[in-house]
Amino acid sequence: MAEVTVKQLAEMVGVSVERLLEQMQEAGISGKNETAEVSENERQTLLNHLKRSHGEDAADSEPKKITLKRKTTSTLKVAGASGKKKTVNVEVRKKRTYVKRSEMDPSEQAEAEARDEAAKAEAARQEEERLQKEAEEKAAREAEEAKAAAEAANREKEAAEAANREKEAEEAARIKREEEEEARRLKKEKEAEARFQAQEQAKKKEPAGGRDNNRGGKGKKKGADNRNQGGNDRRGGKISRNRGKNGKPISNKPNEHGFKEPTTQQVIEVNIPESITVADLAKKMNVKAAEVIKVMFGMGAMATINQVIDQDTATLVVEEMGHTPKPMQENAVEEALLESIQSQQGDKEGRAPVVTVMGHVDHGKTSLLDYIRSSRVASGESGGITQHIGAYHVDTDNGMVTFLDTPGHAAFTAMRARGASVTDIVILVVAADDGVMPQTEEAVQHAKAAGVPLVVAVNKIDKEQADPDRVKNELAALEVIPEEWGGENQFVNVSAKTGQGIDELLDAVLLQSEILELEAVPNAPGQGVVVESRLDKGRGPVATVLVQNGTLRKGDIVLAGLHYGRVRAMLDENGKPIEAAGPAIPVEIQGLDGTPNAGDEFTMVSNEKKAREVALFRQGKYRDVKLARQQKSKLENLFANMQAGDVKQFNIVLKTDVRGSLEALTHALEDLSTDEVKVNIVSGGVGGIAETDANLAVTADALMVGFNVRADAQARQVLEREGIELRYYSVIYDIIDDVKQAMGGLLSPEYREEIVGIAEVRDVFKAPKIGAVAGCMVIEGTVFRNKRIRVLRENVVIYEGELESLRRFKDNVNEVRQGMECGIGVKNYNDVKVGDQIEVYDTVEIQRTL
C-alpha cells in the first residue's frame, strides 16, 4: 500500500486528525503532523498498539482452535402402513474440533491421534453399512417392479379375454336378431301371398265374358309381377309403391302418386321492412335462400345468406321472383300500436289541469305548496302529509287540481327537451318585496317556449315592503301583461304565511283550465308521460307517471319509452297502494325492465309480445336519432345544415357573470343579424350554467356560451350526452368574432373566375388522332392541362371547354410557363386559327363574411 499522510489516514479510519495524532503519540510514534507521511511499519505499530489497548494479543493473533461442522442430507424409501412406498429425508450432522499441535502436550497429542484413528474407522464402518443398505433397497425395488409388471400383464390378459367374450356375445345376439327378422319377413310374405291368392280366386268367381277373362289373365300376370315387386320392396325394408301398409292398392293405376303437384305458381304478398336479411326474405317467399342468392347474382348483386339488404333491393328481388312486394313504413310497428289504441277511444270528459309552480329561490314556492297541500287534502290524514313522489292532486270546491313539483328537480325542462307538453298552466311565484329575479326570467322563458299560459302569484303580500305594482312593471318588461292592463295573464296577490289569496289563486287556475277546455277519455287505455324515474335498491325500477288520458290499472302491460313491463304495484302520492288511476292523476308504478327518461310517453299495450316488439324497435332507432342530433349544433356543420334547409337562424343560450355583460353581449350579438342570417338569443341569464340551461340548449338546438362562468357537473353531463357544443369566453370581442365566423358559414359562397394563363396561336397542325393542334407561345401566366379554357378570336369568346392534350416538343406535360412554346389540342373543337388566343382560367370559391 502506498504511503499516506496523517490527514488521509484519519479520513480512511473515520476519526479526527487530533485523535489520530494522540493515538500515534501513545504508540511511540512522535514528531508527526497532519501533513506528515505514515509508513507501513508505523501503521502496523499503531495497529498493534490499538489491539493491545482493547485486550488482544497483537503478537499472537492466529487461532489456536478450529471447529468444523458438516451436514449431509439423503433420502430413504420405507414401506408405509398402506403398503405403498414413501420417501423419508435423513439429515446427518457432524462436528469436529481441531487444536493446534504446538499447543498440546505429548499425551494430549497421542490421545488426539487415537481419536482420529477411531473416527476414521467409524466413518469407514458407516460407509460400508450405507452401501449394504443401498444394495438391499435396490434388490427389493427390482423385485417389486418385476411383481408389478407381472400383475399388469395379468390384468391386460384378463381385459383382452373379457373383450373377446363380450364381442362373441354381441355377435351371437346379432345373428339371433337377423334370424328373427328373417323369420318375420318370410311370415309376412306368406301372408301377403295368401291374401293375393284369395283376391285372385274372388275375381275368377265373378261373372264375366271372354274379354273379361282375358283381362283377368293379364291381371293375374300383372298381379304376380306386382307380388314379386312387393317382395323385393319388402326385402329392402320398404313397402310397395302400389300398396299401403295393409296390402291394399292406393291407386288403380301402377306407379301413380297419391298427390298432384300444383301446376300454377303461388303468388305471395311479401311484407318488406326497412331492412331485411336474405334468409328472412327467402323465408317470407317460402323458397330456399340459395334461390334468392341466385336471383340476386343474376341481377348483378353479390349477397350472402346473412347479408342485410335495403327495402328497395328486396322489392326488386321479390318482383323478379314473381311475388307481390308490400313495403312497410318506417314506423309501421308504432303506427299499428297507435291505431289499435285509438280504436279503443270513447267519450271525452273534462279533466283536471296539471299545474307547475315555478319561481326564484326564497320567493315562497315551497311555502305556497305546503299551505295548499295542508289545507286542501282529504280529511283524516294526521300528522301532516308526506309527499312520496314529485306530483300530487288536491280537491277544491270547484274541482280537482294536479300539481307537478318541478322546482326540486328539473323535470319540466327535461320534458320540454323531449317534446312532451305535460304542464297545462304555470304558476309563477314572485315575491312582492323582491321583484323579478334571474330565475323568474328563466321561468318566463321556459313557459313561453312551451306555449303554456302563466298565472302570476305575487307572494309575501303581508310584508310591509310589499310592492305589487313593481312586480307588474318588471313582468310587463318581460311581456307578461296583467289583465287589468289589457293583457292575458292573471295576477293574484297571495300570502303563503297567512293563507290570503289562496282560494283566489286556485279559482284563477281553474278558470284558466276552463278556457283551455281540457278533456280526456277515462274509458280508454291508459296513456301519459313519465315525470321521473329511479332505480330503487329493494323494488327495482320505479317510475312516477302522470296519466293524461284513459285509465291505468294494476296488472296492465305498459310501454314507456325504450322500456316495458307489467304494473306489479301502483302507489298514489301518499304511498298507499291503489288499483286504478284516471286522467290527471299522478301515480308511482313498479314492474318496468328499466328506468325510462323523464318526459317519455307511456302507453298501455294489450299483450307483452307487442310491447317487446315496439321497445326493441325504439332501442334500435334511438342510436340513429342520437347520432343525427349530435351533428346539428356543431359550428362546423352549420353551413351544411343551411344548404339542407334545416338551419334558418343561429340560436344561442348565453350565461354571463354580471347583468351588464349580459345586456352588452345580447345587444351586440343581436346587432349582427342580417337579412339572411338571424341571431336568436334563446335564453340569457346571470350565474353558472345549470342543468336547466343545458336542457334548454338541447330543446332549441342552440350553442351554449358561458362568459366568465362555468357549467356544473350535471349540465356538462347533459351537454356531452346530447352532443351540444359548449364554449367558454372571457373577452366579449372573441364571442362576437366567433359568432360572425359561424354566421359567415351560413351565407352561400361566391364563385369568382381567375385567369391563370394566356397562349397565342402561332401555327396550326393536323394530327391524325387528335385533329387540329395549335402551336402556341405562352405570353402570360401558366397554361395548365387540367383546367378549363376559352378560345378568343379578336378578343371575343368563340368556344369554352377543356384541353385534350398539352405537349412540350414530343412530351406530354401538365403545365407550360410563360415564354415557352407548346402544342395545344382543344377537346371537341378543331376550328383553331393563327392569331387566336387560348385563355386558361380557374374558378375560385370565396367565402362570404359579414
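Residues numbered from 1 in each chain as written. Predicted model: local features only at pLDDT ≥ 70, side-chain atom pairs only at ≥ 80, totals over all residues. Heavy atoms only, no water.

1. Brief notes about the overall build of the chain
Alright, step 1. Scanning the chain from terminus to terminus reveals 20 helices and 36 strands.
Alright, step 2. By residue count, 35% of the 850 residues in the chain fall in the buried class.
Alright, step 3. Considering only contacts within the chain whose residues lie at least 6 apart along the sequence, 67% involve residues at least 24 apart.
Alright, step 4. Summed over its atoms, the accessible surface of the chain is roughly 51,800 Å², and 47% of this surface lies on carbon and sulfur atoms. (Helix = DSSP H or I, 4+ residues; strand = E, 2+ residues; numbered from the N terminus. Buried < 20%, exposed > 50% of the residue type's maximum accessible area, 1.4 Å probe, protein only. Contact = heavy atoms within 4.5 Å. Areas by Shrake-Rupley, 256 points an atom, 1.4 Å probe, with all protein chains shown as cover.)

2. Some details on helix α3 (residues 40-53)
Spacing of three or four residues puts side chains on the same side of an α-helix, whose turn is 3.6 residues.
Alright, step 1. Between the first and last C-alpha of α3 there are 20 Å, a value that for 14 residues agrees with the 20 Å anticipated at 1.5 Å per step.
Alright, step 2. Every buried residue of α3 is accounted for by Arg-43, Leu-46 and His-49. Seen along its axis, α3 keeps its buried residues to an arc of 120 degrees; they face one direction. With respect to the buried face of α3, the exposed residues turned more than 90 degrees away are Asn-41 and Arg-52.
Alright, step 3. On its buried side, α3 packs onto β1 (4-5), α1 (6-13), α2 (17-26) and β2 (37-38). (Expected span 1.5 Å × (residues − 1). Arc of directions from axis to C-beta.)

3. Examining a positive patch on the surface
Alright, step 1. Taken together, the side chains of Arg-70, Lys-94, Arg-96 and Lys-120 present a region of like positive charge at the surface.
Alright, step 2. For Lys-120, the position within the fold is in helix α4 (residues 106-205).
Alright, step 3. For Lys-120, a relative accessible area of 57% puts it in the exposed group. (Patch = residues over 30% accessible without salt bridge, like charges linked within 9 Å, V, L, I, M, F, W, Y side chains within 5 Å. Salt bridge = Lys/Arg side-chain N within 4 Å of Asp/Glu carboxyl O. Lys, Arg positive; Asp, Glu negative; His and termini not counted. Charge placed at Lys NZ, Arg CZ, Asp CG, Glu CD.)

4. Description of the nonpolar core
As a rule of thumb, nonpolar side chains are buried together in soluble globular proteins.
Alright, step 1. Counting 23 residues, the largest nonpolar core has Val-355, Leu-368, Ile-372, Val-401, Phe-403, Ile-427 and Leu-505 as the members making the most contacts within it.
Alright, step 2. Breaking this core down by element, the ones donating at least two residues are β10 (354-359), α10 (365-376), β11 (391-396), β12 (399-404), β13 (425-431), β14 (454-459) and α14 (502-516).
Alright, step 3. The next biggest cluster of nonpolar side chains, apart from the first, holds 20 residues, and it includes Phe-650, Ile-652, Ile-735 and Met-743. (Core = buried A, V, L, I, M, F, W, Y, C linked by side-chain atoms within 4.5 Å.)

5. Some remarks on the packing of aromatic side chains
Within a pair of aromatic rings, the relevant descriptors are the distance that separates the centres and the angle that separates the planes.
Alright, step 1. Evaluated as defined, the whole model comprises one aromatic pair.
Alright, step 2. Lys-787 extends its terminal NZ or CZ atom over the ring of Phe-784, reaching a point 5.4 Å from the ring centre.
Alright, step 3. Positioned above the aromatic ring of Tyr-841, the side-chain terminus of Arg-790 is 4.0 Å from the ring centre. (Phe/Tyr/Trp six-rings, centres within 6.5 Å; stacked < 30°, edge-to-face > 60°. Lys NZ or Arg CZ within 6 Å of the ring centre and 35° of its normal.)

6. Things to note about α14
Alright, step 1. When the terminal C-alpha atoms of α14 are compared, their 21 Å separation across 15 residues agrees well with the 21 Å that a helix rising 1.5 Å per residue should span.
Alright, step 2. Those residues of α14 that fall on the buried side of the exposure criterion are Ile-502, Leu-505, Leu-506, Ala-508, Val-509, Leu-510, Gln-512 and Ser-513.
Alright, step 3. Immediately beyond the C-terminal end of α14, within one or two residues, lies Glu-517, with a positive phi of roughly 55 degrees.

7. Examining the sheet that holds strand β26 (residues 679-686)
Alright, step 1. The strand order β26-β25-β27-β28 describes an open sheet built from four strands, whose pairing is parallel. What marks the edges here is a single partner per strand, and that holds for β26 and β28 (726-729). With strand direction ignored, the average angle separating the axes of adjacent strands in the sheet is 20 degrees.
Alright, step 2. Taken together, the five bridges between strand β25 (residues 650-656) and strand β27 (residues 703-707) define a ladder with parallel strand orientation. Residue pairing for β27: Val-653 is matched across the bridge by Met-704. (Pairing = 2+ DSSP bridges. Axes fitted to C-alpha atoms, helices over the stretch in contact; angles between N-to-C directions.)

8. Points about the sheet that holds β10
For sheets, the rule is that strands pair by backbone hydrogen bonds, running either parallel or antiparallel.
Alright, step 1. Taking strand neighbours across the sheet as the criterion, the six strands line up as β11-β12-β10-β13-β14-β15 in an open arrangement whose pairing is mixed. In the strand order of this sheet, the two ends are held by β11 and β15 (490-493), each with one partner. Between one strand axis and the next, the sheet turns by 30 degrees as a mean value, whatever way the strands run.
Alright, step 2. Across six bridges, β11 lies against β12 in antiparallel orientation. Bridge pairing in β12 links Thr-396 to Gly-399.
Alright, step 3. Contacts between helix α13 (residues 468-477) and the sheet are confined to β13, β14 and β15, with β13 contributing the most and set at about 125 degrees to the helix.

9. Overview of the pattern of salt bridges
Here the idea is simple: oppositely charged side chains can pair when their charged atoms come close.
Alright, step 1. Applying the stated rule across the entire model yields 30 salt bridges.
Alright, step 2. The partner of Lys-32 in a salt bridge is Glu-42, with the nearest N and O atoms 3.2 Å apart. Pair noted here: Lys-32 is in the loop between α2 and β2 and Glu-42 is in helix α3, with a separation of ten residues, a long-range link.
Alright, step 3. Across the pair Glu-753 and Arg-790 runs a salt bridge, and its minimum N-O distance is 2.5 Å. Taken together, the residues span a long stretch of sequence, with Glu-753 in strand β29 (residues 750-767) and Arg-790 in strand β31 (residues 788-793) at a distance of 37 residues.
Alright, step 4. Residue classification places Arg-790 among the buried residues on the basis of a relative accessible area of 12%.
Alright, step 5. A single network of salt bridges, built from pairs that share partners, joins Glu-753, Arg-790, Glu-800 and Glu-839.

10. Concerning unusual backbone geometry
Alright, step 1. In this structure, Asn-795 is a non-glycine residue whose phi angle is positive, near 60 degrees.
Alright, step 2. Structurally, Asn-795 can be placed in the loop between β31 and β32 (796-808).
Alright, step 3. For Asn-795, a relative accessible area of 65% corresponds to the exposed category.
Alright, step 4. Positive phi values are uncommon outside glycine, yet Asn-828 reaches one of about 60 degrees.
Alright, step 5. By the element assignment, Asn-828 lies in the loop between β35 (821-826) and β36 (837-846).

11. Remarks on the pairing of β13
Alright, step 1. In terms of burial, β13 is largely enclosed, as seven of its seven residues are buried.
Alright, step 2. Side-chain alternation along β13 places Ile-425, Ile-427, Val-429 and Ala-431 on one buried face and Val-426, Leu-428 and Val-430 on a second face that is also buried.
Alright, step 3. In the sheet, β10 pairs with β13 via five bridges, with the strands oriented parallel. Within β13, the residue paired with Gly-359 across the bridge is Val-429.
Alright, step 4. The pairing of β13 with β14 spans six bridges and is parallel. Paired with Val-426 across the two strands is Leu-454, which belongs to β14.
Alright, step 5. Handedness of the β-α-β unit built from β13, helix α12 (residues 438-450) and β14 comes out right-handed. (Right-handed = clockwise from strand over helix to strand, strands pointing away.)

12. Some details on the packing of α1 against α2
Alright, step 1. Contact geometry of α1 with α2 gives a least axis separation of 9 Å together with a crossing angle of 105 degrees. On the basis of their axis angle, the class for α1 and α2 is roughly perpendicular. From α1, Val-6, Lys-7, Leu-9 and Ala-10 reach across to α2, where they touch Val-17, Leu-20, Leu-21 and Met-24.
Alright, step 2. When its residues are assigned to classes, the contact of α1 with α2 shows seven nonpolar, no polar and one charged. (Parallel < 35°, antiparallel > 145°, perpendicular 65-115°, else oblique. Nonpolar A, V, L, I, M, F, W, Y, C, P; charged D, E, K, R; others polar.)

13. Digging into the confidence of the model for the chain
Alright, step 1. Looking at the chain, pLDDT values average 78 and 79% of them are 70 or higher.
Alright, step 2. Note that residues 377-388 has pLDDT below 50 and, in this model, 15 contacts with residues that lie over four places away or in other chains.
Alright, step 3. Low pLDDT, under 50, characterises residues 407-420; the stretch is placed with 41 contacts to residues that sit more than four places away or in other chains. (pLDDT = per-residue confidence, 0-100.)

14. A word on the side chain of Glu-725
Alright, step 1. Assignment of secondary structure puts Glu-725 in the loop between α19 (713-722) and β28.
Alright, step 2. A polar contact is formed between the side chain of Glu-725 and the side chain of Arg-727, at a distance of 3.1 Å. (Polar contact = N/O pair within 3.5 Å; in protein donor to acceptor, adjacent residues only side chain to side chain.)

15. Some words on a nonpolar patch on the surface
Alright, step 1. A cluster of nonpolar side chains, namely Val-78, Val-88, Val-90 and Val-92, defines an oily patch on the protein surface of about 220 Å² accessible area.
Alright, step 2. With three residues, the top contributor of residues to the nonpolar patch is strand β4 (residues 85-99).
Alright, step 3. By secondary structure assignment, the location of Val-90 is in strand β4.

16. Points about the state of the cysteines
Alright, step 1. Tallied over the entire structure, the rule returns zero disulfides.
Alright, step 2. Note on Cys-776: no disulfide assigned, nearest cysteine sulfur contributed by Cys-822 at a separation of 5.3 Å.
Alright, step 3. You can call Cys-776 buried: its relative accessible area is 2%.
Alright, step 4. Looking at Cys-822, the relative accessible area reads 6%, which means it is buried. (Disulfide = S-S within 2.5 Å.)

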